[in-house]
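Structural characterization, general
Each chain, letter by letter, is given below.
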Amino acid sequence: MEAGQPAYRGQQLFEALYRQRVEAVDQITTLPNSFRSELTKNYAAGLPQTQKRFVSVDGTVRYLIGFADGQSVETVWMPEGDNGEQGDGSEAGEEEAAGGPREAKGGRRRATVCVSSQAGCAVNCQFCMTALLGLLRNLSAGEIVGQILRVLQEQKVSPESERINLVFMGQGEPFLNYENFMKAVRLLVAGVGIPESRMTVSTAGIVPRIRDFGGEQVRPKLAISLNASNDATRDQVMPINRKWNLATLLTAARQFPLRPRERLTFEYVLLNGVNDSEQNAREVVALVRGLNAKVNLIALNPGPEIPFSAPEEERVHTFQQSLIQAGIPTFIRRPRGRDIYAACGQLKRAEVVQLSA
Ligand code: SF4
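Residues numbered from 1 in each chain as written. Predicted model: local features only at pLDDT ≥ 70, side-chain atom pairs only at ≥ 80, totals over all residues. Heavy atoms only, no water.

**Digging into the nonpolar core**
Across soluble globular proteins, nonpolar side chains have a tendency to be buried as a group. Quick note on the threshold: Nonpolar cores were defined as sets of buried Ala, Val, Leu, Ile, Met, Phe, Trp, Tyr and Cys residues, with membership established by side-chain atoms within 4.5 Å. Three exposure classes are used, based on accessible area relative to the maximum for each residue type with a 1.4 Å probe and protein chains only: buried under 20%, partly exposed in between, and exposed over 50%. Any two residues whose heavy atoms approach within 4.5 Å are treated as being in contact.
Residues W77, F127, L166, F168 and F266 are the most contacted members of the largest nonpolar core, which totals 86 residues. Filtering out sequence-adjacent residues up to four positions away, F168 remains in contact with V115, I144, P174, F181, V185, L188, M199, T200, V201 and S202.

As C-alpha cells, this is what we get:
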C-alpha cells in the first residue's frame, strides 16, 4: 500500500472501517499510532456525519449526511422497503411479494436503504427536486459506502441482524459516477457483507454505461427510469432522452445480459395528464413487450417548484391494469416518507414544510 506501510495494514484498515464500522481512523487500535495520526491528517477516512434526521409517520427516516468538505447528501431508511423489488426475480422480491408480517426468512426483519451516488445531479429530470440542485460533485466510493454504514449504525442494525436491501436511487445518476459507484458495490459485497442480489441501481438511461454494467462480474440488478412512453414526452420530462432516445435505450435493454431468474425493472413516474393516459399505457406495452422485465409505477411525489401533479389513485390502478392485461408484470411502489420529503424525486435537502397532497 501507499504511505510506506506493509500491505496487511490496508487489510486492517478495510476490516476496521467496513466490517467493524469504527467511527474514525484514530480508533483503529490495530494500527500503529504514527500511522493513525498520518491518516487522520491526510485523509478524511472514517464515517460521514449525520447532520439532520427527519422521521416520517410511516417509519421512514431521511438522513442528511455530511462529508469532510462540507458537502452533504441524503440517505433514506425504509423499514419494510417500498415494494420496489417485487417481481424482479430475486429473493428480496419474493420477500416483498410475501408482504404481511415484517419478519423475513430466518426471523430477520427487512429494510431498504436508498443511497446517493452524487451530491446533486446534472440529469435534470423535470419531476425531480434533486435536479434543482444541479451537480455539486461526485461521491467517492468511500463516501457512498460511508453513508450506508452511518445509517446502519444510526438504526443499530447490521447485514447480519437484518435483511438489508440497497437501492441506488437517491441523489445523483450512479452511471455518471460509474467507477466510484462500482468500487462502492465491490466494497459493500466484500467488506460489508451485503450481497449484490440485494442491490438495485437505477439509471436515467446512460446507454454506454448500461453496456459496461452488463459486463461486470459483480453487479446489482438494473432498473431503468422510463417515465414516458414516446420520445416527444420523454424529451420534455427527461432531457437526457435527446442524447439517448427510447429506441437506443430499449436496444440496450434488450441486449442486457440477465442472470437466471433475473428481470429488468422499468420505473415509471405517473404525471397527471402528461404520461398517464390509456394511449400512454399502450405505448409502454409496445416498448416493453418481449423483454424479460417488469414495471414499477410511482405516482408523482409532489414538491415545490415541480410543474406536475400526481394522478388520482384510480388512474394509477387503471394504468397498472392495462399493463397487466397485456402480460407485463406491473407493481405500484408504495410512497415512503412523503411527509418528510424522503420519497422518490424529493431529495433536495429540504426542510419539512406542509405538503398539499
Ligand atoms: S431522477 Fe435521478 S437522474 Fe433524474 S434528476 Fe433526479 S436524481 Fe438525477
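Back to the text.
**Thoughts on helix 9 (residues 278-288)**
The line we're drawing: Each helix is a run of DSSP H or I of at least 4 residues and each strand a run of E of at least 2, with the numbering of both proceeding from the N terminus. What the arc describes is the spread of directions from the helix axis to the C-beta atoms. Between N or O atoms, a polar contact is any pair within 3.5 Å; within protein, one atom must be a potential hydrogen donor and the other a potential acceptor, and residues adjacent in sequence are included only when both atoms are from side chains.
Those residues of helix 9 not exposed but buried are N280, A281, V284, V285, L287 and V288. Buried positions in helix 9, seen along its axis, are confined to an arc of 165° and lie on one side of it. Contacts made by the buried residues of helix 9 are with helix 8 (246-255), strand 10 (264-270), strand 11 (293-299) and helix 10 (313-325). Looking at where helix 9 begins, the residue whose side-chain oxygen comes 3.4 Å from the main-chain nitrogen of Q279 is S277.

**Regarding the confidence of the model for the protein**
Which entries qualify depends on this criterion: Confidence of the predictor at the level of single residues is given by pLDDT, which spans 0 to 100.
The pLDDT averaged across the protein works out to 87; a share of 87% of its residues lies at or above 70. The model gives residues 353-357 a pLDDT under 50, and that stretch makes seven contacts with residues more than four places away or in other chains.

**Describing the site of the ligand**
Let me state the cut-off plainly: Proximity is defined per residue: any heavy atom of the residue falling within 4 Å of a molecule or strand makes that residue near it. Residue polarity is assigned by list, with Asp, Glu, Lys and Arg as charged and Ala, Val, Leu, Ile, Met, Phe, Trp, Tyr, Cys and Pro as nonpolar; anything else, Gly included, falls into the polar class.
Close contacts around the ligand come from C121, V123, N124, C125, C128, T130, A131, G170 and G172, and that covers them all. When the residues that make up the shell around the ligand are grouped by side-chain class, the tally is five nonpolar, four polar and no charged.

**Section: the side chain of T330**
Mapping T330 onto the fold places it in strand 12 (residues 330-332). Its relative accessible area of 4% is what places T330 among the buried residues. Within the local environment of T330, its side chain forms a polar contact with the backbone oxygen of I328, the two atoms lying 2.8 Å apart. If sequence neighbours within four positions are ignored, T330 has contacts with V295, L297, Q320, L323 and I324.

**Here's the deal with the sheet that holds strand 10**
Remark on secondary structure: sheet strands pair via backbone hydrogen bonds, oriented parallel or antiparallel. For clarity, the threshold we go by: At least two DSSP bridges between two strands are needed for those strands to be called paired. Axis lines are fitted through C-alpha atoms, for helices just across the contact stretch, and the angle between N-to-C directions can take any value from 0 to 180 degrees.
Spatially, ten strands are ordered 1-2-3-4-7-8-9-10-11-12 in an open sheet, and the strand pairing comes out mixed. Strand pairing shows two members of the sheet lacking a second neighbour, strand 1 (49-55) and strand 12, which therefore form its edges. Recorded for the sheet is a direction-independent mean angle of 25° between the axes of neighbouring strands. Judged from the three bridges that link them, strand 9 (residues 221-225) and strand 10 form a sheet pairing that is parallel.

**Focus on the pairing of strand 11**
Cut-off, in case you're wondering: Throughout, right-handed denotes a crossover for which the path from the first strand over the helix to the second runs clockwise when the strands point away from the viewer.
In terms of burial, strand 11 is a largely internal element, seven of the seven residues being buried. Of the two faces of strand 11, the one holding A293, V295, L297 and A299 and the one holding K294, N296 and I298 are both buried throughout. Pairing of strand 10 with strand 11 involves seven bridges; the strand directions are parallel. When the sheet's bridge partners are listed, L270 is paired in strand 11 with A299. Taken together, strand 10, helix 9 and strand 11 constitute a β-α-β crossover, and its handedness is right-handed. Across three bridges, strand 11 lies against strand 12 in parallel orientation. Opposite L297, over in strand 12, you have I332 as the bridge partner. Taken together, strand 11, helix 10 and strand 12 constitute a β-α-β crossover, and its handedness is right-handed.

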